[in-house]
Amino acid sequence: MANRTDPAAKSIHGTNPQNLVEKILRSKIYQHTYWKEQCFGLTAETLVDKAMELDHLGGTFGGSRKPTPFMCLILKMLQIQPDKEIVVEFIKNDEYKYVRILGAFYMRLTGTVTDVYRYLEPLYNDYRKLRMKSPDGKFSLTHVDEVIDELLTKDYSCDVALPRVQKRWTLEACGLLEPRRSALEDDFEEEEEKEEEDQAMEPVENGVHEKSYYRGRSPTRERDRDRKRDRQHRDRDYDRDYGRGRERDRDRERDRDRDRDRDRERDRDRHRARDDKDYGRDRDREREREGRDRERRDRDRGRRRSRSRSRSRDRRDRDLEEGDYRKRRARGSVSPRRRQVDDDNPREEPKKKKEKKEKKSDGTDHPDPEIAEANRLRASLGLKPLK
């Protein structure tokens, strides 16, 4: 019975007013000792005394997420649903700031869109400090205007989902709200009025000063002086502009010369790179040609050597064949008488051997065919043979 909504209460946003607080938070509030002891049997008149005792605001805190007395009183206001005049008096209360925040929070939950902007926006000018209990159980410092801005711009505040409100400019376009007027506009208007009065007084003072300044002077001289001064200013401006123009032209010429030098350097680098590439290609071609020529020379040299070796072999074979043939012929042609004579004169044999040795001492019978060929040439020229 103590947790039921007042039977005379009206539904807000199409539902029971207590349903504006989530069920989990609502059940925790119902189980809290502050709700059972301090909020039991409260009415709209006695609620003010409990609101004046508040010293901080917040949603839930601690590991078990206990509700704060501020949330307990918000739920009690949703349960008993006080009149709109009482809520407005809460908001307009200047002495107790927590009572003002309690009324503003309740108005944000239950009021219409126009009432929310009409009653909460003036609280932007309240800069008093407030104590807020964070979810970890520690206290932090905030201000009234910060809490009001959170109520008007955020979707959640003190662990409670706030009903959606339209943007102010849409309400102004529909004609439901007048353009917002800041409390500082009056001060600005007073400052503007003072500035206008000062500007209106300046010409009068300047006129008196000019009369006293130009008293006793001829207007023609003043006119000539003004003309001369204007001419000097024009000449000075012309010289300054002419000097600036010349400096700009010089800067442009320097930039052009710098760009030309850069282009030339790039072209030189490109030509150098091309020349280096061509030089490298020519060098590779020369190396390939030298390698081919070297291979040709080695091939020709090998062919010559094989030819000379084959020739020397043929000659050696020919000489051997001719020597054998001569020996056979000599043996076959010698008469028996000469054989007998030869047998009778054994001393002549060493002479023949010496002659043969002398004949072969020219080096033509060398085992190396190249050296034998060279010895033949040297023998024909009358030189000593190679050993």
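Everything discussed here concerns the structure shown above.
Thresholds applied
- Residues numbered from 1 in each chain as written.
- Predicted model: local features only at pLDDT ≥ 70, side-chain atom pairs only at ≥ 80, totals over all residues.
- Heavy atoms only, no water.
- Phe/Tyr/Trp six-rings, centres within 6.5 Å; stacked < 30°, edge-to-face > 60°.
- Buried < 20%, exposed > 50% of the residue type's maximum accessible area, 1.4 Å probe, protein only.
- Lys NZ or Arg CZ within 6 Å of the ring centre and 35° of its normal.
- Salt bridge = Lys/Arg side-chain N within 4 Å of Asp/Glu carboxyl O.
- Helix = DSSP H or I, 4+ residues; strand = E, 2+ residues; numbered from the N terminus.
- Patch = residues over 30% accessible without salt bridge, like charges linked within 9 Å, V, L, I, M, F, W, Y side chains within 5 Å.
- Areas by Shrake-Rupley, 256 points an atom, 1.4 Å probe, with all protein chains shown as cover.
- Lys, Arg positive; Asp, Glu negative; His and termini not counted.
- Charge placed at Lys NZ, Arg CZ, Asp CG, Glu CD.
- Pairing = 2+ DSSP bridges.

Caption draft 1: Up close: the packing of aromatic side chains. Under the defined criterion, the tally for this structure stands at 2 aromatic pairs. Aromatic pair Tyr30 and Trp35: ring centres 5.6 Å apart, planes at 50°, arrangement tilted. Accessibility assignment for this pair places Tyr30 and Trp35 in one class, buried. Here the basic side chain of Lys76 rests over the ring of Trp35, its NZ or CZ set 5.1 Å away from the ring centre. Between Arg131 and the ring centre of Phe139, over which it is positioned, the NZ or CZ distance is 4.1 Å.

Caption draft 2: Quick peek at the pattern of salt bridges. Within the structure shown, the criterion is met by 21 salt bridges. In this structure, the salt-bridge partner of Lys84 is Asp115, at a minimum N-O distance of 3.0 Å. Residue Lys84 is located in helix H5 (residues 84–92), and its partner Asp115 is located in helix H7 (residues 113–120); the two are separated by 31 residues in the primary sequence. Given a relative accessible area of 10%, Asp115 falls into the buried group.

Caption draft 3: Highlighting a positive patch on the surface. Taken together, Arg305, Arg309, Arg313 and Arg316 make up a surface patch of like positive charges. If you trace the backbone, Arg316 turns up in helix H11 (residues 219–333).

Caption draft 4: Layout of the pairing of strand S4 (residues 139–143). Here 5 bridges tie strand S3 (residues 129–133) to S4, and the two strands are oriented antiparallel to one another. Its bridge partner being in S4, Met132 is matched across the sheet by Ser140. Taken together, S3 and the strand that follows it, S4, pair antiparallel across an intervening segment of 5 residues, in which Gly137 is found at a positive phi of about 90°.

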